[in-house]
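The primary structure of each chain is shown beneath.
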Amino acid sequence: MSRTSKRKQQVLKILHRNQEQYISGQELSDKLGVSRTAIWKYIQSLREQGYVIDSSSKLGYRLVKAPDILSPEEIKKDLKTDILGCKVIYHEEVESTNLLAKSAARQGADEGTIILAKEQVGGKGRLGREYFCPAGGIWFSIILHPDLKPTVASRINFVAVVALAKTIDKLTDLTPEIKWPNDVLINGKKVTGILTEMSAEIEQINYLVLGIGINLNIGLDKFPSELQKKATSIQEELGQKVPKLQFFLTLLENLEEKYTKLQIEGFAEIVEEWEDYNITIGNEVTVSNGEGTLSGQAVDINDEGCLLVELSDGTIKKVVAGEATLNTEYN
Ligand code: BTN
C-alpha cells in the first residue's frame, strides 16, 4: 500500500472512530503529520469512493455515511471471525480472484486470506466454464489449509454451500435450495456458485482456494439472455437490494462456524444441515460430466460428497463430479 493510501486509511479510521462529532482539519493534520491541504485531498478522495463527509469551516469534518462497499477497511471494522478475513485484498477489476488466490497461496499466504473483486472479467466456473461476474455481485476467494485428506477435500464445498444458504435464509425472506453438488437456487434459478481448486500431494493438501460467486445486487436485465433462463439474482427475487457488507460479514461468520465444525465434529454434521436445503436427494435427476450422462433417482451422498444415483435396473452409480439436472423443470 502506498504512503498516500495508508494516510487516507488513517483519516478514514479517525473519522469512523469520531462518527458522532466533528474533527478539525488541524487536528487531523497534527495526528498524521501532513498539511491541511493534504487532509482535504484525502477527504475528497474518500468522497469519490462514496463516503458522505460533512465539512464545516468552523468545526472540521464528520463522517455521515459510509458506502456499502467491500473494501478491506469496511470489512475489518466489523469483522467477527478469527481465521477468515485475517487479511483482505480488494481489487476493482480482475480476471479471476481464484487465479490471484492460487498465486498468493503458492507464495505462502496465510490461511483465511481473502481476495475480493468488484468485478471479474474472466471469472472461472466449474467444469472449465466461464462465469458471469459483473459489478453488484460478490466475487471472492479464500485461501485455506484444511486438516483434511485430499480425497475428502470436496467437503469444503458442502461447508460453503450450507453457509451460503444459511446466510440467504437469515437475511432475506427468500427460500434458498441446494442442488448437488453446490449451487444455491432461488425459485429454481441459480444465485451462487462455488469453485474449489487445490494443490495437494497424495496424503496432504498444500492449499485449497475456495472461490465463491454471489449474484447479489444485479438487475436481471444485465444477465446475458441465455443465462436469464437458469440464473437470477437475490435482488431480482427479493425485489430490492441487499446490504452487501452485512451479507458478506454474515457469510464469513457462517463459513467459519461450519469450517470449524467440519474439522472438529466431522462431515455428518454438515451433511445434516445440507439436507435441510437439499432439493436433489429423493428426486429424479440427469447428471452429466466429461464422461457422459446418466439418469435415475438421486438416493444419497456419500462421505466424499459424491452423489449416489439409482438407475432403473436397481444398480447404484457413484457420481464424483458433474452437473445435475432435476427432471422436473427449469434447468
Ligand atoms: C460455478 O458454479 O460454476 C462456480 C462459479 C464460481 C465463481 C467464483 S467467483 C469468485 C471465484 N473466482 C472465479 O474466477 N470463480 C470463483
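Model, not experiment: these values are computed from the prediction.

### Concerning the layout of surface pockets
Alright, step 1. Roughly 770 Å³ of volume is contained in the largest pocket.
Alright, step 2. Taken together, 39 residues line the largest pocket, and the ones lying closest to its centre are Arg129, Glu130, Tyr131, Lys190 and Leu227.
Alright, step 3. Elements that contribute at least two residues to the lining of the largest pocket include exactly helix H5 (97–106), strand S5 (138–144), strand S7 (183–186), strand S8 (189–200), strand S9 (205–214), helix H7 (225–228) and strand S14 (323–326).
Alright, step 4. The greatest single-element share of the lining of the largest pocket, amounting to 4 residues, is contributed by S8.
Alright, step 5. Its residues assigned to classes, the lining of the largest pocket shows 15 nonpolar, 14 polar and 10 charged.
Alright, step 6. Counting the residues that make up the lining of the largest pocket, at least three belong to each of domain 2 (72–277) and domain 3 (284–326).

### Focus on the nonpolar core
Alright, step 1. If you look at the biggest cluster of nonpolar residues, it comprises 65 residues, and the most contacted ones within it are Phe140, Ile214, Ile234 and Leu255.
Alright, step 2. No other element matches helix H6 (residues 155–171), which puts 10 residues into this core.
Alright, step 3. Two domains each provide a minimum of three residues to this core, namely domain 2 (72–277) and domain 3 (284–326).
Alright, step 4. If sequence neighbours within four positions are ignored, Ile234 has contacts with Ile168, Thr172, Leu174, Ile186, Val191, Ile214, Asn215, Leu216, Val242 and Phe247.
Alright, step 5. Of all hydrophobic cores here, the second largest spans 17 residues; its members include Leu28, Ile39, Ile43 and Tyr51.

### Concerning empty space enclosed by the protein
Alright, step 1. Scanning all chains against the criterion turns up 1 cavity of 30 Å³ or more.
Alright, step 2. Reported here for the largest cavity is a volume of approximately 40 Å³.
Alright, step 3. Among the secondary structure elements, those contributing two or more residues to the lining of the largest cavity are S5, H6 and helix H9 (244–265).
Alright, step 4. Across the lining of the largest cavity, the residue classes break down as 8 nonpolar, no polar and no charged.

### Topic: the sheet that holds strand S3 (residues 88–94)
Alright, step 1. The strand order across the open sheet formed by 7 strands is S3-S4-S5-S9-S8-S7-S6, and the pairing between neighbours is mixed. Only two strands of the sheet have a single neighbouring strand rather than two, namely S3 and strand S6 (176–179). Within this sheet the neighbouring strands show an average axis-to-axis angle of 20°, counted without direction.
Alright, step 2. Here S8 pairs with S9 via 9 bridges, running antiparallel.

### Here we look at the site of the ligand
Alright, step 1. Taken together, 20 residues sit near the ligand, with Ser96, Gln120, Lys124, Arg126 and Lys190 positioned nearest.
Alright, step 2. Residue Thr97 places a side-chain N or O atom 3.1 Å away from a nitrogen atom belonging to the ligand.
Alright, step 3. For the ligand, a nitrogen atom lies 3.0 Å from a polar atom in the side chain of Gln120.
Alright, step 4. Among the cavities detected, the one that contains the ligand is the largest pocket.
Alright, step 5. Taken together, the residues of the shell around the ligand sort by class into 6 nonpolar, 10 polar and 4 charged.

Rules behind the numbers
- Residues numbered from 1 in each chain as written.
- Predicted model: local features only at pLDDT ≥ 70, side-chain atom pairs only at ≥ 80, totals over all residues.
- Heavy atoms only, no water.
- 1 Å grid on protein atoms, 1.4 Å probe; cavity = no way out; pocket = protein on both sides within 12 Å on 5 of 7 lines; lining within 4 Å.
- Points joined across faces, edges and corners; volume = space filled by probe spheres on them.
- Helix = DSSP H or I, 4+ residues; strand = E, 2+ residues; numbered from the N terminus.
- Nonpolar A, V, L, I, M, F, W, Y, C, P; charged D, E, K, R; others polar.
- Domains from an automatic or database assignment.
- Core = buried A, V, L, I, M, F, W, Y, C linked by side-chain atoms within 4.5 Å.
- Buried < 20%, exposed > 50% of the residue type's maximum accessible area, 1.4 Å probe, protein only.
- Contact = heavy atoms within 4.5 Å.
- Pairing = 2+ DSSP bridges.
- Axes fitted to C-alpha atoms, helices over the stretch in contact; angles between N-to-C directions.
- Near = heavy atom within 4 Å.
- Polar contact = N/O pair within 3.5 Å; in protein donor to acceptor, adjacent residues only side chain to side chain.
- Sits in = over half its atoms within 2 Å of the grid points.

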